[in-house]
Amino acid sequence: MSGSNDSAVRLEKIAPAIITEAQQWGLWLRPRVIAIDGPAGSGKSTVGYVVAEMLDFLFFDTGAMYRAVTWAAWESGVDLQDGNVVGELAEELEMDILPPSDLNRHGRNSVVLVNGQEVTAEIRRPEVDHRVSVVSAHARVRSALSLHQKRLGNRYGVGDAEKPGVVMVGRDIGTVIMPDAALKIYLDASIAERARRRHRELLSKGKDIDYKQVDAAIRMRDKFDSERDVSPLRAAEDAVVIDTSNLGIDKVVESILALVIKAGQGGGRHAAQS
Ligand code: DC
């Protein structure tokens, strides 16, 4: 479960009737926000993008924002451990996260601009992977970015002329950014499976990297992301947890569409657990 290429093939297995039904019931969600959280490699970006496409919701990957700040801070040579300096940089950064101009652009689902420069590929480099957890643990960085994220979630959660709703993907969407999201999903997978996916993704992009290095990097990010003081990674109490270790993209997407239908039928808000 690593990129849009694989998903295009397997998604043909999803019954069109489920998609149509989810589109209809999805409009009953209040607010129309689907929060998808989970650790690195759990498949949340791939799955979130596909679900958003199927429902015609906006897809918003909040991890790209933390990556963009990390890349900018690293480029400018500031001390990444200094929360105030990096936080100030995050507050001043001009950042745009745009839909891809075509589905497979860089194999990613969002185009990212920092101060007008496209950094879509740069923010996915292992150098950023290794540093992003430190940067995203700073309280000042988080408050700068969460302000944008909440604003966007609230705007799209009630629908607008462009999109009727939003799928937000990250680590703290269900717990902190949009605690009122109509549907909260927490995707998980074993460390070994997540490392395999990430390794495959890097190899497919021509990066010659050892599996053990990828495994170690994933473990380090898990530790940092779940042990930090501010908004640590955890499932919201009312989130539906899906273990994707042995599931294909199609199965995970299908489960989420079924939850959208159930939530919509149940009155639209936090109804998936009832
Ligand atoms: O989903 P990702 O791997 O692109 O996220 C990159 C990092 O950003 C991740 O290690 C933790 C951080 N992050 C976060 O702290 N809060 C979010 N809502 C999204 C990402």
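Cut-offs applied
- Residues numbered from 1 in each chain as written.
- Predicted model: local features only at pLDDT ≥ 70, side-chain atom pairs only at ≥ 80, totals over all residues.
- Heavy atoms only, no water.
- Core = buried A, V, L, I, M, F, W, Y, C linked by side-chain atoms within 4.5 Å.
- Buried < 20%, exposed > 50% of the residue type's maximum accessible area, 1.4 Å probe, protein only.
- Helix = DSSP H or I, 4+ residues; strand = E, 2+ residues; numbered from the N terminus.
- Domains from an automatic or database assignment.
- Contact = heavy atoms within 4.5 Å.
- Buried area = accessible area lost by both parts, 1.4 Å probe.
- Salt bridge = Lys/Arg side-chain N within 4 Å of Asp/Glu carboxyl O.
- Polar contact = N/O pair within 3.5 Å; in protein donor to acceptor, adjacent residues only side chain to side chain.
- Nonpolar A, V, L, I, M, F, W, Y, C, P; charged D, E, K, R; others polar.
- Phe/Tyr/Trp six-rings, centres within 6.5 Å; stacked < 30°, edge-to-face > 60°.
- Pairing = 2+ DSSP bridges.
- Axes fitted to C-alpha atoms, helices over the stretch in contact; angles between N-to-C directions.
- Parallel < 35°, antiparallel > 145°, perpendicular 65-115°, else oblique.
- Left-handed = near helix turned anticlockwise from the far one by under 90°.

(A) Summary view of the nonpolar core. Within the largest apolar cluster, 35 residues are counted, with the highest numbers of intra-cluster contacts made by V69, V141 and M168. Looking at this core element by element, the count peaks at 8 residues for helix α4 (residues 63-75). Taken domain by domain, the makeup of this core includes at least three residues from each of domain 1 (27-57 + 166-274) and domain 2 (62-163). Apart from the residues within four sequence positions on either side, V69 is in contact with V86, L89, A90, L93, M95, V135, V141 and L145. The next biggest cluster of nonpolar side chains, apart from the first, holds 33 residues, and it includes I19, V169, I185 and L187.

(B) Here's a closer look at the domain arrangement of the chain. Here the chain is partitioned into domain 1 (27-57 + 166-274) and domain 2 (62-163). Computed over C-alpha atoms, the centres of domain 1 and domain 2 are 18 Å apart. Taken together, the contacts link 30 residues of domain 1 with 30 residues of domain 2. Across the interface of domain 1 and domain 2, roughly 2,400 Å² is buried in total on both sides, 56% from carbon and sulfur atoms. For domain 1, the biggest contributors to the area lost against domain 2 are Y49, I177 and R221; these three give 22% of the whole. Viewed at the interface, domain 2 and domain 1 are joined by 4 salt bridges. The partner of D129 in a salt bridge is R221, and the shortest N-O contact between them spans 4.0 Å. Where domain 1 meets domain 2, there are 7 residue pairs in polar contact (both at pLDDT 80 or more). For the side of domain 1 that touches domain 2, the elements supplying multiple residues, two or more each, are α3 (44-55), β6 (166-170), α8 (173-177), α9 (191-204) and α10 (211-227). Among the elements that take part in the side of domain 1 that touches domain 2, α10 stands out by supplying 5 residues, more than any other. Within the side of domain 1 that touches domain 2, the residues separate by chemical class into 16 nonpolar, 4 polar and 10 charged.

(C) Region of the structure containing the environment of V241. Mapped onto the elements, V241 comes out in strand β8 (residues 240-243). Those residues in contact with V241, other than ones at most four positions away along the chain, are Y186 and A235.

(D) Quick peek at the packing of aromatic side chains. Tallied over the full model, the rule gives 2 aromatic pairs. Look at Y49 and F59: their rings are 5.5 Å apart centre to centre, the planes differ by 90°, and that puts the pair in the edge-to-face class. Linking Y49 in helix α3 with F59 in strand β2 (residues 58-61), this pair joins segments that are 10 residues apart in sequence. Residue F59 is classed as buried on the basis of its relative accessible area of 12%.

(E) A look at the sheet that holds strand β4 (residues 111-114). Overall, antiparallel pairing links the 3 strands, which are arranged β3-β4-β5 in an open sheet. Of all strands in the sheet, those with a lone pairing partner are β3 (95-98) and β5 (117-118), marking the two edges. Direction of pairing for β3 relative to β4: antiparallel, over a ladder of 4 bridges. Within β4, the residue paired with D96 across the bridge is L113.

(F) Here's a closer look at the packing of α3 against helix α11 (residues 249-265). Direction vectors running N to C along α3 and α11 enclose 50°, while the axes themselves pass 10 Å from each other. As judged from the angle between their axes, α3 and α11 are oblique. For the element pair α3 and α11, the recorded crossing hand is right-handed. Here T46, V47, V50, V51, M54 and L55 of α3 lie close against α11, whose contacting residues are I249, V252, V253, I256, L257 and V260.

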